[in-house]
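Residue strings, one per chain:
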Amino acid sequence: MLALVAEDRGAGAGGRVLTAAAPDGDLTAILERVAATVRPHLGEGRVAGYIPALARVDPSRFGIAVVTVDGRVATAGDARVAFSIQSISKVFTLTLALAKVGNDLWKRIGREPSGSPFNSIVQLERERGIPRNPFINAGAIVVTDVLLEGRSPGAVIDEVLEFVRYLADDPAVAIDEEVARSEAETGHRNYSLAHFLAGFGQLKNPVESALSVYFHQCALSMTCVQLARAGLFLASAGRDPLRDRKVVRPERARRINALMLTCGHYDASGDVAFRIGLPGKSGVGGGILAVVPRQGAIAVWSPGLNANGNSHAGTIALERLAAEMGWSVF
Ligand code: GLU
């Protein structure tokens, strides 16, 4: 990140600095109402049992946070409890990879919804090692391979962590080593995907290096407040509005949002676009980051997953909140 942020320093620096965001009573009342409506659904759905360290999480937890582009913060429930962000990390590594290689990334990864489960191998074989998009596992592994060029896995893991800490404006963001280890011990699907990619000549670094980065990024542990803050640049044309500093160019932020809208919810992305109408990225830890352009970012967490692997209560909460606020990109 350091490169990304350093490159952007000075591009508009010196403006308003508003790092300590202020609480917002009205929005908090709305979030409390949303939390009350989803309460009957808490505990429905299943936690991601295929990652042993996640299987122990209480499925009835629920937290939601909104951080607005003018620095207001509203929360309800467990919004300050850290959880495993899992695939939401793919938004941050994609941002870093685009900063590193620009549009050359699209020679190695597509930009189409996959219509298949996030860890499916069938499509990858048919399409000869070019993953459909950067948010399915195969695509995210290619993204880590890009980040690894000329660098060690440890250096890339540090870079990702520092970037997310910077975006969240919180040095307390951490990687849960137990979750990373748990995935490394049981991630047979991901090993298969990575070996398949390597078999097609689509990985330049060893499978172990790409997966070490991938498992660690998925093991980033964040609260809803930290996550919403970290996603705020996407709501603000690529600028961190609270530091008044550029993170990515406006066109790039627009395109990351487009990918989140079309590919961010596994093979339920179309349904989520229909029901909620906001760019979003979910993870099997039960988190969802959603972007409301020009307004703010929302993070919601509830570990019980629906059949598509998206947070069951989290999806309902986002649907209610978007409807109540009139938030949609359409
Ligand atoms: N680490 C998880 C896996 O690779 C991420 C899946 C997800 O959140 O979509 O299986």
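Asker: So what's going on with the pairing of strand β2 (residues 63–68)? Which residues, and what values?
Answerer: Extensive coverage of β2 is indicated by the burial of six of its six residues. Along β2, one buried face is formed by Gly63, Ala65 and Val67 and the opposite face, lined by Ile64, Val66 and Thr68, is buried too. Note that β2 and strand β3 (residues 72–77) share five bridges and pair antiparallel. Considered in β3, the bridge of valine 66 is made with alanine 74. What sits between the antiparallel neighbours β2 and β3 is a turn of three residues, in which glycine 71 has the positive phi angle 90°. The pairing of β2 with strand β11 (residues 296–301) spans six bridges and is antiparallel. Bridging from a neighbouring strand, glycine 63 pairs with tryptophan 301 of β11.

Asker: Go over helix α9 (residues 188–199), please, and point to the residues and values.
Answerer: Over its 12 residues, α9 runs 16 Å from end to end, which matches the ideal 16 Å to within 8%, given 1.5 Å per residue. Among all positions in α9, only Asn190, Leu193, Ala194 and Leu197 are buried. Taken down its axis, α9 places every buried residue within 95° of arc, on the same side. Exposed side chains of α9 directed beyond 90 degrees from the buried face belong to His188 and Gly199.

Asker: Please provide a residue-by-residue account of the sheet that holds strand β6 (residues 220–222), values included.
Answerer: Taking strand neighbours across the sheet as the criterion, the three strands line up as β4-β6-β5 in an open arrangement whose pairing is antiparallel. Since the sheet does not close on itself, it has two edges, and those belong to β4 (83–84) and β5 (174–175), each with one partner. Of the strand pairs in this sheet, β4 and β6 are connected by two bridges, and their pairing is antiparallel. Looking at the pairing, serine 84 lines up with serine 221 of β6.

Asker: Describe in detail helix α4 (residues 89–101), supporting the description with residues and values.
Answerer: Look at α4: 19 Å from first C-alpha to last across 13 residues, which is about the 18 Å you get at 1.5 Å a residue. With 10 of 13 residues buried, α4 lies mostly within the body of the structure. All of the buried residues along α4 are Ser89, Lys90, Val91, Phe92, Thr93, Leu94, Thr95, Leu96, Ala97 and Leu98. Among the residues trailing α4, glycine 102 stands out with phi positive, at a value near 60°.

Asker: So what about the site of the ligand? Which residues, and what values?
Answerer: With respect to spatial proximity, the complete set of residues near the ligand consists of Tyr50, Gln86, Ser87, Phe118, Asn137, Glu183, Asn190, Tyr214, Cys218, Tyr266, Gly283 and Val284. Within the contact set of the ligand, an oxygen atom lies 2.6 Å away from a side-chain nitrogen or oxygen of tyrosine 50. Separating an oxygen atom of the ligand from a backbone N or O atom of valine 284 is a distance of 2.8 Å. Relative to its unbound accessible surface of 290 Å², the ligand loses 100% to contact with the protein.

Asker: So what's going on with the pairing of strand β10 (residues 287–292)? Residues and values would help.
Answerer: Among the six residues of β10, six are classified as buried, and the element is accordingly described as predominantly covered. What you see with β10 is no split at all: Gly287, Leu289 and Val291 on one side and Ile288, Ala290 and Val292 on the other are buried throughout. As defined by bridge partners, strand β9 (residues 280–282) adjoins β10 across three bridges and the pair is classed as antiparallel. The residue of β10 that forms the bridge with lysine 281 is leucine 289. Connecting the antiparallel pair β9 and β10 is a turn made up of four residues, with glycine 286 showing a positive phi of about 95°.

Asker: Residues and numbers for unusual backbone geometry, please.
Answerer: Backbone geometry places aspartate 244, a non-glycine residue, at a positive phi of 50°. Positive phi outside glycine occurs at tyrosine 266, with the angle close to 55°. By the secondary structure assignment, tyrosine 266 is in the loop between α13 (250–263) and α14 (269–275).

Asker: Break down the nonpolar core for me, citing the residues and quoting the values.
Answerer: Counting residues in each nonpolar core, the largest one holds 84 residues, and the members touching the most others are Phe92, Ile141 and Leu227. Tallying contributions element by element places helix α7 (residues 153–168) first for this core, with nine residues. If we skip the residues at most four places from it in the chain, isoleucine 141 touches Asn190, Leu193, Ala194, Leu197, Leu203, Ala210, Leu211 and Tyr214. In terms of nonpolar packing, the next biggest core, distinct from the first, is built from 26 residues, Val38, Ile276, Leu278 and Val300 among them.

Parameters at a glance
- Residues numbered from 1 in each chain as written.
- Predicted model: local features only at pLDDT ≥ 70, side-chain atom pairs only at ≥ 80, totals over all residues.
- Heavy atoms only, no water.
- Buried < 20%, exposed > 50% of the residue type's maximum accessible area, 1.4 Å probe, protein only.
- Helix = DSSP H or I, 4+ residues; strand = E, 2+ residues; numbered from the N terminus.
- Pairing = 2+ DSSP bridges.
- Expected span 1.5 Å × (residues − 1).
- Arc of directions from axis to C-beta.
- Near = heavy atom within 4 Å.
- Polar contact = N/O pair within 3.5 Å; in protein donor to acceptor, adjacent residues only side chain to side chain.
- Areas by Shrake-Rupley, 256 points an atom, 1.4 Å probe, with all protein chains shown as cover.
- Core = buried A, V, L, I, M, F, W, Y, C linked by side-chain atoms within 4.5 Å.
- Contact = heavy atoms within 4.5 Å.

The values are spatial; any link to function lies outside them.
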